[in-house]
Amino acid sequence: MACNSSTCQSSCFRNEDNINNVGEHPRDTVPIETSKNRTSVEGEQPSPCVKCKTNRTISAVGSPSGENGGDAGKFCGDCFRSNLYGKFRLSVTSHAMIIPSDNVLVAFSGGSASSVVLQFVHEMQHRAQKNFEASRDRSLPVFGVGVAFIDESAVYPVASNKYDKSIQQIKSIVYNLPPPLKPLHIVPITDIYPSDSGGKDRLGKLLDAVNDITGKEDLILHLRMLALQKVASEKGYNKLILGSCTSSIACHVISSIVKGQGYSLSADIQYVDARWEIPVVLPLRDCTAQELNLLCWLDGLKTVELLNSRRAGINSLVSSFVTLLQEENPSRESTIVRTAGKLKAFHFNRIPEINDCDMPLATQRRIKRYNQKPQESISSEFFCPICNSPLDNSELLSLSAHDGSQSSKLNVCCCSSCKFQILPKDPTLMEQFYLLLPQQLVSRPKSSNHGNISLLR
Amino acid sequence: MEDMEAKEPRRTGTRLCCLCNQRRAALKRPKTLDQICRECFYEVFEEEIHRVIVDNKLFNPGERIAIGASGGKDSTVLAYVLSELNRRHNYGLDLFLLSVDEGITGYRDDSLETVKRNEVQYGLPLKIVSYKDLYGWTMDEIVKMIGLKNNCTFCGVFRRQALDRGAALLKVDKLVTGHNVDDIAETVLLNILRGDIARLSRCTSITTGEDGPIPRCKPFKYTYEKEIVMYAYFKRLDYFSTECIYSPNAYRGFAREFIKDLERMRPRAILDIIKSGENFRISTSTKMPEQGTCERCGYISSQKWCKACVLLEGLNRGLPKLGIGRSRGLDNGDAKDTRQSSRTKQIESKSCGTLDF
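Definitions and cut-offs
- Numbering of residues starts from 1 in every chain and runs along the sequence as written.
- Written order decides the labels, with chains lettered from A and ligands numbered from 1.
- This being a predicted model, a pLDDT of at least 70 is required before a residue's local features are given, and a value of 80 or more before pairs of side-chain atoms are given or counted; all residues contribute to the totals for chains, interfaces and linings.
- For side-chain calculations, the full set of non-hydrogen atoms in the structure is used, while hydrogens and water are omitted.
- Only DSSP runs of H or I reaching four residues or more are called helices, and only runs of E reaching two or more are called strands; each is numbered from the N terminus.
- Only protein chains enter the accessibility calculation, which uses a 1.4 Å probe; a residue whose area is less than 20% of its type maximum is buried, one above 50% is exposed, and one in between is partly exposed.
- Whether two residues touch is decided by their heavy atoms; if any such pair falls within 4.5 Å, the residues are in contact.
- Per-residue accessibility takes into account occlusion by the displayed protein chains alone, with areas from the Shrake-Rupley method and a 1.4 Å probe.
- Angles run from 0 to 180 degrees between N-to-C directions of axes, and those axes are lines fitted to C-alpha atoms, restricted for helices to the stretch in contact.
- Geometric relationships in this document are graded by angle, where less than 35 degrees denotes roughly parallel, more than 145 denotes roughly antiparallel, 65 to 115 denotes roughly perpendicular, and other angles denote oblique.
- The nonpolar class holds Ala, Val, Leu, Ile, Met, Phe, Trp, Tyr, Cys and Pro. Asp, Glu, Lys and Arg form the charged class, and all remaining residues, Gly among them, are polar.
- UniProt positions are given in the numbering used here, feature names are shortened, and annotations may be inferred rather than shown by experiment.
- If you view the pair so one helix is near and one far, a crossing is left-handed when the near helix is turned anticlockwise from the far one by less than a right angle, and right-handed when it is turned clockwise.
- Should DSSP find at least two bridges between two strands, the strands are regarded as paired.
- If the strands point away from the viewer and the path from the first strand over the helix to the second runs clockwise, then the crossover is right-handed.
- Polar contact criterion, stated in full: a pair of N or O atoms within 3.5 Å, where within protein one must be able to donate a hydrogen and the other to accept it, and residues adjacent in sequence count only if both atoms are side-chain atoms.
- Paired rings are identified among Phe, Tyr and Trp, the last through its six-membered ring, by centres lying within 6.5 Å, and are further divided according to the angle between planes into stacked (under 30 degrees), edge-to-face (over 60) and tilted (the rest).
- Lysine NZ or arginine CZ positioned within 6 Å of the ring centre and within 35 degrees of the ring normal marks a charge as sitting over the ring.
- pLDDT expresses, on a scale from 0 to 100, how confident the predictor is about each individual residue.

### Quick look at the overall build of chain B
Part 1 of the argument: Check the secondary structure of chain B and you find 14 helices and ten strands.
Part 2 of the argument: Within the span of chain B, comprising 357 residues, buried residues form 56% of the whole.
Part 3 of the argument: A fraction of 70% describes how many contacts in chain B between residues 6 or more apart in sequence connect residues 24 or more apart.
Part 4 of the argument: Surface summary for chain B: the accessible area is close to 15,900 Å², and the carbon and sulfur share equals 49%.

As structure tokens, this is what we get:
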């Protein structure tokens, strides 16, 4: 990596572990070699954990298959775990993601990030419960936790026996957590349509109308969010917790850039995203996929890989690009996220102030807001009805110049990226497409956008 | 008669140009994937560049403009198209060719011959500035001293200043370079990957350095590299296509490869990257390097001395590692430098400038 510039902040040299090898085998160095080389170079005694300085490192004790990146060679299991949990806790407390009066819903896909976030939220709840029982006045309530799994088998068909097995696994993961019991909601993605309207059919037709393979995948993502929002709202949750980690956010940064979404990008990658009815929070934003996989391996956290959706098109190209970069420099993903983090956030990227007098004083005192002081942000009023990203100036211009039918309204309301990769080009197909969209999407432009665009100008 | 013409393409299996609907389509336009004929390609290619020039008000009538000419495809096409458009649309510009002689035997001497032929072919006066004259060192001498690692750093830093000095000698108002949209998209990605927020904020602007002595602009900001190659090929332009002997692109960088893959999948992705870059809103609380002037030579610099002076000082004192990499000192540089350069080439495609100007 060229870091000739004095302003380089990618911390290319911070990770001493990797310097030894990357120079000689730039492309095909696998972490496992790193640890082997280290032991052979430094003799019989590998250095102990850098934090506690006593225990042996994870890779010295015995490393998992291929999943012992930088941290495995640095930390012992306990220090690694508490370090990772610390990152999670810091993002939760410093952004007021979870407060005692909350009822949070964890979006669970079955992957390792989901497993870790569920485990961590559970640990946090468990500690809160212990404090609650120990305290005399019991003034701090314990927040509630629920789990939602969006069943996408209507979109990505799976054999029924495999499907049943996966569902069984998910149930056992959630129900085997120690009490308090967490309700599990298994929601078919077709629930975004009213139950009597043949959701599976409509969804199939809707997706068939999208020609671009990347566009189709992105549309499914947006619909998944819709389904999560719906279940959270119906079951009385007030926060939605996602397992997005540094690695997945880095991929999102690059793919948004490639899709021309440089304006709206910063809205998606903050710790908090309150543009939705139920605010979305990303407590694992500072943890990489390697770390999460390592923790799953260490603690024997079960994952359900089967129902993970495959990536295709541009998204898959981007993720293999980012993986390649990460192999070349283990801090690359966090550099990407940190760089993109310097873009201006939006006004909705924070938990709204709560001026609720009913809330007990003890709870109010608990809310820390060091990262909540008024920062500069962009305020945006208009959102793409499909992907809910804020519209940039040129997109707003086309919005104001419009008058026409409902379906062509959709065409002007959308961001340019959705216009290109999701909406049908043919105006006659457009009408059909409009009717196939779930009502929640279609009603968004009507209520928020189009009503007052004329007032604005 | 019309019937005959309509039938003919079907019979021979060739398509008509989708713009003029008259001539046979000769190529698939990389930017839009339209099948068009050669004449229409020339027209849309030139017209797009004309629109970019007019819409962005790149030039004012009566200005003296230097074209950074390396003899490569980008700068040759730029020189040709600019002199055409200047004539056709009466821009009223005085155009010059400006070349930098890095002193690379077997590479630059040959490419300069191409530029000298272009001088005659397009009737544009040529000015050559050499590293030897400006700095007292040729690249050959520098490489002999420091080897093949980091040599592109020297060349790049020196070239930037050499172009500005040459432009000052020609007393031009602006300098145009042949950076195309692929180059700029690559720069956007690289700045994200390496966390260079200051460069990220300015790398997509079509004109840079307006506060400096000589502004630079990139008329090819929206022009696809593939189209430039096609244009040069069909017009049989005289250009030099060998790679620099000190920076052979044996493997192109990750970022470049990624962009080529993207283009294959979705041609407009390259333009979308530029659009993203233009739409970035950088938080004002981010620390940006302050611009000042070099205490030694007066060139713009964010540090006490400009990079060229630091590097030159290192060369002249026999300490060529001075000013390379993160460290400014001498003691902790060595070990890291070599590793850095071996990584350099993986992620970036061309730190050296076959196309850069």
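### Overview of the overall build of chain A
Part 1 of the argument: Scanning chain A from N- to C-terminus turns up 19 helices and six strands.
Part 2 of the argument: Counting every position in chain A, which comprises 457 residues, the buried fraction comes to 53%.
Part 3 of the argument: Once local pairs closer than 6 in sequence are excluded, the contacts in chain A between residues at least 24 apart make up 74%.

### Some points on the packing of helix H4 (residues 77-94) of chain A against helix H5 (residues 112-134) of chain A
Residues and elements named next belong to chain A.
Part 1 of the argument: Across the interface, H4 lies against H5 with an axial gap of 11 Å and an inter-helix angle of 70 degrees. If you check the angle between H4 and H5, you find them roughly perpendicular. Taking contact as the criterion, the partners of Leu84, Tyr85, Phe88, Arg89 and Val92 in H4 are, on H5, Val117, Phe120, Val121, Glu123, Met124 and Arg127.
Part 2 of the argument: Here the residues of the contact of H4 with H5 sort into eight nonpolar, no polar and three charged.

### Some thoughts on the UniProt feature "binding site: ATP" (unreviewed entry) in chain B
All names here are of chain B.
Part 1 of the argument: Here the UniProt feature "binding site: ATP" (unreviewed entry) sits at Gly68, Ala69, Ser70, Asp74, Val100, Gly178 and Asp183.
Part 2 of the argument: Considering the arrangement of structural elements, one finds Ser70 in the loop between strand E3 (64-68) and helix H3 (73-88).
Part 3 of the argument: Look at Ser70 and you get buried, because its relative accessible area is 3%.
Part 4 of the argument: For Gly178, the location among the structural elements is in the loop between strand E6 (174-176) and helix H8 (181-194).
Part 5 of the argument: Aside from chain neighbours lying at most four places away, what touches Gly178 is Asp74, Leu78, Asp183 and Phe220.

### Describing unusual backbone geometry
Part 1 of the argument: Residue Pro180(A) is reached from Pro179(A) by a cis peptide bond, and omega for that bond is 5 degrees.
Part 2 of the argument: Of note in this structure, Leu33(B) is not a glycine but carries a positive phi near 65 degrees.
Part 3 of the argument: Among the secondary structure elements, Leu33(B) is positioned in the loop between strand E1 (27-28) and strand E2 (35-36).
Part 4 of the argument: For Leu33(B), a relative accessible area of 45% translates into the label partly exposed.
Part 5 of the argument: In this model, Lys57(B) sits at a positive phi of 45 degrees, which is unusual for a non-glycine residue.

### Focus: the packing of helix H9 (residues 246-258) of chain A against H8(B)
Think of two packed helices as two axes; the pair is described by the angle between the axes and how far apart they sit.
Part 1 of the argument: Closest axis-to-axis distance for the H9(A)/H8(B) pair is 11 Å, and the angle between their directions is 160 degrees. As summarised for this structure, H9(A) and H8(B) are arranged roughly antiparallel, according to the angle between their axes. Between H9(A) and H8(B) lies a crossing of right-handed hand. Only Val188(B), Leu189(B), Ile192(B) and Leu193(B) of H8(B) make contact with H9(A), whose side of the interface consists of Val253(A), Ile254(A) and Ile257(A).
Part 2 of the argument: Split by residue class, the contact of H9(A) with H8(B) holds seven nonpolar, no polar and no charged.

### Some thoughts on the pairing of strand E2 (residues 144-151) of chain A
All names here are of chain A.
Part 1 of the argument: Judged by how many residues are buried, E2 sits mostly within the fold: seven of eight residues are covered.
Part 2 of the argument: Looking at chain direction, strand E1 (residues 103-107) and E2 are connected through five bridges and run parallel. Within E2, the residue paired with Val106 across the bridge is Val147.
Part 3 of the argument: Each parallel crossover has a hand, and the one from E1 via H5 to E2 is right-handed.
Part 4 of the argument: Direction of pairing for E2 relative to strand E3 (residues 184-188): parallel, over a ladder of five bridges. Counterpart to Val147 in the pairing with E3 is Leu184.
Part 5 of the argument: Chirality of the crossover, the property in question, places the unit of E2, helix H6 (residues 160-175) and E3 among those that are right-handed.

### A few points about the environment of Leu429(A)
Residue and element names in this part refer to chain A.
Part 1 of the argument: For Leu429, the location among the structural elements is in helix H18 (residues 427-436).
Part 2 of the argument: A relative accessible area of 42% means that Leu429 is categorised as partly exposed.
Part 3 of the argument: Taking the C-alpha atoms as reference points, Leu429 and Ala209, separated by 220 residues in sequence, lie 7.9 Å from one another.

### Observations concerning the pairing of E1(A)
Consecutive side chains of a regular strand alternate in pointing toward one face of the sheet and then the other.
Residue and element names in this part refer to chain A.
Part 1 of the argument: Most of E1 is tucked away, with four of its five residues classed as buried.
Part 2 of the argument: Note that E1 and strand E4 (residues 239-241) share three bridges and pair parallel. Within E4, the position partnered with Val104 by the bridge is Lys239.

### Brief notes about the side chain of Ser75(B)
All names here are of chain B.
Part 1 of the argument: The residue Ser75 is located in helix H3 in this model.
Part 2 of the argument: A polar side-chain atom of Ser75 sits 3.0 Å from the main-chain amide nitrogen of Ser70.
Part 3 of the argument: Polar side-chain contacts of Ser75 include one of 3.4 Å to the backbone nitrogen of Gly71.

### Focus: the side chain of Glu46(B)
Residue and element names in this part refer to chain B.
Part 1 of the argument: Structurally, Glu46 is set in helix H2 (residues 38-55).
Part 2 of the argument: Given a relative accessible area of 5%, Glu46 falls into the buried group.
Part 3 of the argument: Excluding its chain neighbours within four sequence positions, the residues that come into contact with Glu46 are Val81, Leu85, Arg88, Tyr231 and Lys235.

### Quick notes on the sheet that holds strand E7 (residues 207-208) of chain B
Residues and elements named next belong to chain B.
Part 1 of the argument: With mixed pairing, six strands are arranged side by side in an open sheet as E5-E4-E3-E6-E8-E7. Since the sheet does not close on itself, it has two edges, and those belong to strand E5 (126-130) and E7, each with one partner.
Part 2 of the argument: Examined bridge by bridge, strand E4 (residues 94-101) and E5 share five bridges and lie parallel to one another. For Ser99, the partnering residue across the bridge sits in E5 and is Ile128.
Part 3 of the argument: Where H3 meets the sheet, it contacts E3, E4 and E6, and its direction lies at approximately 155 degrees from that of E3.
Part 4 of the argument: Sitting on the sheet, helix H7 (residues 151-169) touches E3, E4, E5, E6 and strand E8 (216-217), and the angle it makes with E4 is about 140 degrees.

### What to know about the packing of aromatic side chains
Part 1 of the argument: For the structure on display, the rule yields 22 aromatic pairs over all chains.
Part 2 of the argument: Seen from their ring centres, Phe41(B) and Tyr42(B) are 6.4 Å apart, and the 45 degrees between their planes marks the pair as tilted. You'll find Phe41(B) and Tyr42(B) in the same group, each marked buried.
Part 3 of the argument: With 5.7 Å between their ring centres and 50 degrees between their planes, Phe41(B) and Phe45(B) make a pair best called tilted. Separated by four residues within a single helix, Phe41(B) and Phe45(B) lie in helix H2, roughly one turn from each other. As far as burial versus exposure is concerned, Phe41(B) and Phe45(B) are alike and both buried.
Part 4 of the argument: By way of ring pairs, the aromatic residues Phe41(B), Tyr42(B), Phe45(B), Tyr80(B), Tyr122(B), Phe220(B) and Tyr231(B) are connected into one cluster.
Part 5 of the argument: Above the face of the Tyr271(A) ring, Arg285(A) is positioned so that its terminal group lies 4.6 Å from the ring centre.

### A look at the confidence of the model for chain B
Close reading of the predicted structure is inappropriate where its pLDDT is low.
Residues and elements named next belong to chain B.
Part 1 of the argument: Model confidence for chain B is summarised by a mean pLDDT of 83, while 84% of its residues fall at 70 or above.
Part 2 of the argument: Of all secondary-structure elements in chain B, the lowest mean pLDDT belongs to helix H14 (residues 334-347), at 43, while E3 reaches the highest, 95.
Part 3 of the argument: Under a pLDDT of 50 for its full length, residues 350-357 has, in the predicted model, 38 contacts with residues more than four places off or in other chains.
Part 4 of the argument: At the level of chain-chain contacts, confidence expressed as ipTM amounts to 0.82, with global pTM at 0.83.

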